Amino acid sequence: MSAEKEPLFSSKNIKLLTEPMNDSNPITVQVLGICSALAVTVKIKPAFVLAIAVVIVMAVSNVVISLLRKTVPPRIRIIVQLVVIAAMVILVDQVLKAFLFDVSKQLSVFVGLIITNCIIMGRLEAFALSNKPWPAFLDGIGNASGYGVILIIVAFFRELLGSGTVWGFQVIPESVYNFGYENNGLMILPPMALIVVGAIIWIQRAKNKKLVESN
Amino acid sequence: MKSLRKYLNKIKPHFEKGGKFEKLESTFEAFESFMFVPDTVTKKGTHIRDANDMKRTMAIVVLAVVPTVLFGMWNVGFHHFIATGQEGTILQQFWLGFLRVFPIIVVSYVVGLGIEFAFAEYRGHEVNEGFLVSGILIPLVLPVDTPLWMVAVATAFAVVIGKEVFGGTGMNILNPALTARAFLFFAYPSYMSGNAVWTHGMINGEGIIDTYSGATPLAEAAAGNIDKLPEISDMFFGTILGSIGETSTLAILIGAAILLITGIGSARIMISTFVGGLAMGLLLNAFAVNPFMEIPAWQHLLLGGFAFGAVFMATDPVSAAQTRKGKIIYGFLIGFLAILIRVINPAYPEGVMLAILLMNVFAPLIDHYVIEGNIKKRLKRAKVKA
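Residues numbered from 1 in each chain as written. Chains lettered and ligands numbered in written order. Predicted model: local features only at pLDDT ≥ 70, side-chain atom pairs only at ≥ 80, totals over all residues. Heavy atoms only, no water.

Any chance you could break down the overall build of chain B for me, citing the residues and the numbers?
Each helix and strand counted, chain B has 17 helices and 0 strands in total. For 386 residues, the compact-globule estimate of 2.2 N^0.38 gives 21 Å, and the C-alpha radius of gyration of chain B, at 23 Å, lies within 12% of that figure. Sorting the 386 residues of chain B into buried and exposed places 48% on the buried side. Across chain B, contacts joining residues at least 24 apart in sequence account for 70% of those joining residues at least 6 apart. Accessible surface computed for chain B: about 19,200 Å², of which carbon and sulfur atoms make up 66%. Where the 30 positive side-chain charges of chain B centre and where its 27 negative ones centre are 16 Å apart. (Helix = DSSP H or I, 4+ residues; strand = E, 2+ residues; numbered from the N terminus. Rg over C-alpha atoms; globule rule 2.2 N^0.38 Å. Buried < 20%, exposed > 50% of the residue type's maximum accessible area, 1.4 Å probe, protein only. Contact = heavy atoms within 4.5 Å. Areas by Shrake-Rupley, 256 points an atom, 1.4 Å probe, with all protein chains shown as cover. Lys, Arg positive; Asp, Glu negative; His and termini not counted. Charge placed at Lys NZ, Arg CZ, Asp CG, Glu CD.)

As structure tokens, then:
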């Protein structure tokens, strides 16, 4: 046992939360979890619900794996991780079906596909297996929120420009449509999500020069 | 002219480093080199000097496009008069078309050049002349009644996402003008396809006579109404419906001649594109199961945007393949795929745009394998002798 106890929100722990928001964002920097970012970001509501679901799954499974890290034999660790994630995903899926049936239907298989989300497996392997539960918990929250934030930003632009709504409410007034404005059909198609993600990466790197690779 | 030169020399120091307006250096440089041949010379490295710089190259392409622009303007008026059942002189028809087409050209240039200048200032490099061509090509591939704000949005999208993201003129993988068209095609399909968009005034239904259909020859052919196809001479001279600049094969061939004589357009690409289209047409004729597939292969080359795409879009030196063999493969596949998409895929009445964009993406790959193949061939030769 170390003599001094580390404070709960030491600067190191805070960094676990904030780094994935910018410098090591799972989507824009590590380029993981792109498939769900393309699939569920047509409207904000499903994107938001999926983001919350990923935060819960990731935080809990990070803690569980971190608790088990000394008892799991390295050879079967992937199977154990999968079992933990799958159990969490099923729980989340059932809750969504019970309380948010409409959204759950819109998300369809993408809730189940959280199991295969590379961000979760990646963080379990890279972080939870070698760290204590509390930092692992923070790391889970941080990375999942970093993922969720990008999802919601992309969904915001796609819903606003593609359907003229935000969170299902009409925000572009009827008078603008009468003037000749049209919703952009391309925004609803998946390729545009890729372009929006690309634009976010572009802006982020223009502001954060240390992310730019030199070659 | 001399006094202008003197004036420019006088104000030049203000725009150089440390001057009052040093932030506007790129803008000044652009206008100076627009009016006078720049006196700067490349000093480093091995290079071939040619009087034909980028500015002149672009100017010749714009010149080559002029016949299609003028014809397109007249054609717009011509069809509007038919659709409304009026009589009019050629001049009246041209004037009406001019009033419709000119604003689209202005919007395309203002938006595109505005973004180009802004990026040049921000990044501190010179303004490139590349947009002079894209700016005239974008209006030509659009239906006449495309709302101006859509033209603006599409131009902005094409310049930013199609070009500046990759580093500006010379670095783009996709043809900017076709990027703009593809954007509009997928974003606002109701303004880009159907029977109502090709004739001026028809989308609002103002004063159109009842018997007028507004369908393009391609749409008629796709629907199986082969007997409604216009005369061959009409298709060649271009008095048919379509996007503003694509209808007249004659005007496009004049442009092609200008490009080929000056050596700016690649003959390899143009010819192999036509050959590719012809090959696919013949193949479809051989296995024809519906009237659309039975159209003589050579007629496909006159229909829709095929000739326009082959002459002005596929030959874009930046997004096309660079190697000689690569150019032939690239052109052939454009023609081949364009007719395949046109005839077989019911969702896309015209396949030229998609075929060219697809091959733009593949051009670097084609070049890579052509070069690899050449290296292998030469290595083999070297080994045999040793």
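I'd love a proper account of the overall build of chain A, names of residues and values included.
Assigned secondary structure in chain A consists of 11 helices and 2 strands. If you list the helices and strands of chain A from N to C, you get α-α-α-α-α-α-α-α-β-β-α-α-α. Going through the 215 residues of chain A one by one, you find that 41% of them count as buried. Look at the contacts in chain A between residues 6 or more apart in sequence, and 75% of them connect residues 24 or more apart. Computed over 18 positive and 12 negative side-chain charges, the separation of the two mean positions in chain A equals 7 Å.

I'd like a description of the interface of chain B and chain A, backed by residues and values.
Between chain B and chain A, the contact holds 14 residues from the first and 11 residues from the second. For the pair chain B and chain A, the summed buried area comes to about 980 Å², and 71% of that belongs to carbon and sulfur atoms. For chain B, the biggest contributors to the area lost against chain A are Trp149(B), Phe186(B) and Tyr188(B); these three give 36% of the whole. Put simply, chain B and chain A have 0 salt bridges between them. Where chain B meets chain A, there are 3 residue pairs in polar contact (both at pLDDT 80 or more). Of all elements in the fold, only α4 (90-123), α6 (148-162), α7 (176-187) and α8 (189-192) of chain B reach the threshold of two or more residues within the side of chain B that touches chain A. Considered class by class, the residues forming the side of chain B that touches chain A number 12 nonpolar, 1 polar and 1 charged. (Buried area = accessible area lost by both parts, 1.4 Å probe. Salt bridge = Lys/Arg side-chain N within 4 Å of Asp/Glu carboxyl O. Polar contact = N/O pair within 3.5 Å; in protein donor to acceptor, adjacent residues only side chain to side chain. Nonpolar A, V, L, I, M, F, W, Y, C, P; charged D, E, K, R; others polar.)

Break down empty space enclosed by the protein for me, citing the residues and quoting the values.
All names here are of chain B. Scanning the model with the defined rule gives 2 cavities of 30 Å³ or more in all. When its volume is computed, the largest cavity comes out at roughly 80 Å³. As for the largest cavity, its lining consists of 13 residues, and the residues nearest its centre are Asn75, Val76, His79, Trp198 and Gly242. Here the lining of the largest cavity is built from residues that sort into 6 nonpolar, 7 polar and no charged. By volume, the second largest cavity is sized at about 40 Å³. Surrounding the second largest cavity, Glu116, Ala120, His125, Glu126, Val127, Asn128, Lys163, Glu164, Gly168 and Thr169 form its lining. (1 Å grid on protein atoms, 1.4 Å probe; cavity = no way out; pocket = protein on both sides within 12 Å on 5 of 7 lines; lining within 4 Å. Points joined across faces, edges and corners; volume = space filled by probe spheres on them.)

Break down a positive patch on the surface for me, citing the residues and quoting the values.
Residue and element names in this part refer to chain B. On the surface, Lys325, Lys377, Arg378 and Arg381 cluster together to form a positively charged patch. Sort the elements by how many residues they give to the positive patch and helix α17 (residues 352-385) lands first, with 3 residues. Inspection of the secondary structure puts Lys325 in helix α16 (residues 324-344). According to the relative accessible area criterion, Lys325 is exposed, its value standing at 54%. (Patch = residues over 30% accessible without salt bridge, like charges linked within 9 Å, V, L, I, M, F, W, Y side chains within 5 Å.)

With reference to specific residues and values, describe the pattern of salt bridges.
All names here are of chain B. Evaluated as defined, the whole model comprises 6 salt bridges over all chains. Between Arg100 and Asp145 there is a salt bridge, and its shortest N-O distance comes to 3.5 Å. With Arg100 in helix α4 and Asp145 in the loop between α5 (131-140) and α6, this pair connects stretches of sequence that are 45 residues apart. According to the relative accessible area criterion, Arg100 is partly exposed, its value standing at 22%.

Got a sec to walk through the environment of Val149(A)? Specific residues and values, please.
Mapped onto the fold, Val149(A) is located in helix α8 (residues 133-163). Each C-alpha atom of the pair Val149(A) and Ala51(A) lies 7.8 Å from the other, and the pair is 98 residues apart in sequence.

Describe the domain arrangement of chain B, naming the residues involved and giving the relevant values.
Residue and element names in this part refer to chain B. Each assigned domain of chain B is listed here: domain 1 (15-37 + 53-263) and domain 2 (265-386). Computed over C-alpha atoms only, the centres of domain 1 and domain 2 are separated by 23 Å. Taken together, the 39 residues of domain 1 in the interface contact 31 residues of domain 2. Regarding the contact of domain 1 and domain 2, the summed buried area is about 3,100 Å², with carbon and sulfur atoms giving 81% of it. At the boundary of domain 1 with domain 2, the tally comes to 0 salt bridges. For the interface between domain 1 and domain 2, the tally reads 4 residue pairs in polar contact (both at pLDDT 80 or more). Among the secondary structure elements, those contributing two or more residues to the side of domain 1 that touches domain 2 are α3 (54-83), α5, α7, α9 (217-222), α10 (232-237) and α11 (249-261). In terms of residue count, α7 provides more of the side of domain 1 that touches domain 2 than any other element does, 8 residues in total. (Domains from an automatic or database assignment.)

I'd like a rundown of the packing of aromatic side chains, residues and numbers included.
To describe a pair of aromatic rings, one takes the distance between the centres and the angle between the planes. Applying the stated criterion to the full structure yields 21 aromatic pairs over all chains. Between Phe186(B) and Tyr348(B), the ring centres sit 6.3 Å apart and the planes meet at 75°, which makes this aromatic pair edge-to-face. Placement of the pair is Phe186(B) in helix α7 and Tyr348(B) in the loop between α16 and α17, with a sequence separation of 162 residues. Residue class for Phe186(B) comes out partly exposed when judged on its relative accessible area of 26%. You can call Tyr348(B) partly exposed: its relative accessible area is 23%. Ring geometry for Phe236(B) against Phe237(B): centres 5.4 Å apart, planes inclined by 75°, an arrangement best described as edge-to-face. Note on Phe237(B): relative accessible area 44%, which makes it partly exposed. The rings of Tyr177(A), Tyr181(A), Trp149(B) and Tyr188(B) are connected pair by pair, giving a single aromatic cluster. (Phe/Tyr/Trp six-rings, centres within 6.5 Å; stacked < 30°, edge-to-face > 60°.)

Describe in detail α16(B), supporting the description with residues and values.
The end-to-end C-alpha separation of α16(B) is 30 Å, in line with the 30 Å expected for 21 residues at 1.5 Å each. Among all positions of α16(B), only Gly326(B), Tyr330(B), Gly331(B), Ile334(B), Gly335(B), Ala338(B), Ile339(B), Ile341(B), Arg342(B) and Val343(B) are buried. (Expected span 1.5 Å × (residues − 1).)

Account for α11(B), naming residues and giving values.
Residue and element names in this part refer to chain B. For α11, which comprises 13 residues, the first-to-last C-alpha distance of 18 Å matches the rise-based estimate of 18 Å (1.5 Å per residue) to within 8%. Those residues of α11 lying buried are Thr249, Ala251, Ile252, Gly255, Ala256 and Leu259. One side of α11 carries all its buried residues, which in axial view fall inside an arc of 160°. Looking at the residues trailing α11, positive phi occurs at Gly263, about 75°. (Arc of directions from axis to C-beta.)

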